[in-house]
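Chain by chain, the residues run as shown.
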Amino acid sequence: RERAREILSSVRDRDDNRLGVEAMELLDAYGIETPAGEIVDSPARASEVAAGIDGDVVMKIVSPDVLHKSDIGGVAVGVADADVADTYEDLITRARNYQPDATILGVQVQEMVDLDDGVETIVGMNRDPQFGPLVMFGLGGIFVEVMEDTAFRVAPVSEPEAREMTEEIRSAPLLRGARGRDPVDVDAVIETIGRLSQLVTDFPAILELDINPLVALPDADGGTNVAAVDVRLTVD
Ligand code: ADP
Ligand code: MG
């Protein structure tokens, strides 16, 4: 909590109240698992970081002016180490083409998460003038946008409430294993909902927060079964 406070006060000094993946440490501080990664400011440094990560990496533009990174080609998935430096330049160019005066904080080099076995979910919070902090859970991608298949509870969200959220969405069977897929570790998802609820309860200055996607993975012995791959928030 102390670390979270430090991170939040350091970002308050910026003139922008919208934060992206540079706020991933905030999730770390609350025990929400994030893939290994780092934000770098040069192609050479990007290559160094990628060399320290097993397998291919994902690279993302980090800019408060780019809210939907993939919309502008700002996310490169499955980048081999040899291509990391060139991809760094490409991502910066795309951001500049999109908005010449964009503030660019750097490029995030991130470990790949296995989406084939995982289910992309969303965990978020919006402060409602009437109800207060509303915690949201749903499936990611087209499910959330097209199906409006989401569950809401007011924070602080108890464990039974978080479990209900994972059960009441229409697409809940996808979490429990459908079409021969392995079920994901729903308990890890429930725990993440609780941790996010705690974070936004402790810090009223967080007006909005979205983890999209939180990748839910099958139960692996001893392994990490959720990965917060992307985060966006607005602070007061
Ligand atoms: P944005 O939502 O701003 O476009 P994301 O960071 O969510 O950017 O990346 C877009 C998509 O790329 C994700 O929804 C996910 O499908 C994929 N992706 C992002 N990061 C990873 C990762 N570390 N491993 C695997 N896939 C990823
Ligand atoms: Mg996203």
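Reading guide: rules and limits
The written sequence of each chain sets the order in which its residues are numbered from 1. All chains are assigned letters beginning at A, and all ligands numbers beginning at 1, according to the order in which they are written. It should be noted that, the model being predicted, local features are given only for residues of pLDDT at least 70 and side-chain atom pairs only at 80 or more, the latter also being counted only at that level, while totals for whole chains, interfaces and linings use all residues. As a convention, hydrogens and water are excluded, and side-chain values are obtained from all of the structure's heavy atoms. For the purposes of this entry, the term helix denotes a DSSP run of H or I that reaches at least four residues, the term strand denotes a run of E that reaches at least two, and both are numbered from the N terminus. Any pair of residues with heavy atoms lying within 4.5 Å of one another is described as a contacting pair. Annotation comment: domain bounds sourced from an automatic or database domain assignment. The buried area of a pairing is the accessible area, by a 1.4 Å probe, that goes missing from both parts when the two are put together, added over both. Think of a salt bridge as a Lys or Arg side-chain nitrogen and an Asp or Glu carboxyl oxygen that are within 4 Å of each other. Polar contacts, as counted here, are pairs of nitrogen or oxygen atoms within 3.5 Å of one another; within protein the pair requires one atom able to donate a hydrogen and one able to accept it, and residues that are adjacent in sequence qualify only if both atoms are side-chain atoms. Polarity classes work like this: nonpolar for Ala, Val, Leu, Ile, Met, Phe, Trp, Tyr, Cys and Pro, charged for Asp, Glu, Lys and Arg, and polar for all others, with Gly in that last group.

Colleague: Even after reading the chapter, I still don't get the environment of Leu209, so can you show me in this structure?
Modeller: Tracing the sequence through the fold places Leu209 in strand β9 (residues 206-216). Along the sequence, Leu209 and Leu196 sit 13 residues apart, while their C-alpha atoms lie 8.8 Å from each other. Excluding anything up to four places from it in sequence, Leu209 contacts Val123, Gly124, Met125, Leu196, Leu199, Val200, Val231, Arg232 and Leu233.

Colleague: For this particular structure, what's the right way to read the domain arrangement of the protein?
Modeller: One frequent convention defines the size of an interface as the accessible area lost when the parts assemble. Splitting the protein by domain gives domain 1 (2-111) and domain 2 (119-235). Between the C-alpha centres of domain 1 and domain 2 the distance comes to 22 Å. For the domain 1 and domain 2 pair, buried surface summed over both sides reaches about 2000 Å², with 66% attributable to carbon and sulfur atoms. A per-residue breakdown of the area domain 1 buries against domain 2 is headed by Tyr30, Ile32 and Glu33, which together make up 29% of the total. A salt bridge links Asp230 to Lys69; the nearest nitrogen and oxygen atoms lie 2.7 Å apart. Our enumeration of links across domain 1 and domain 2 arrives at nine residue pairs in polar contact (both at pLDDT 80 or more). With four residues, helix α1 (residues 2-12) is the single largest residue contributor to the side of domain 1 that touches domain 2. Of the residues contributing to the side of domain 1 that touches domain 2, the split by class is 12 nonpolar, six polar and six charged.

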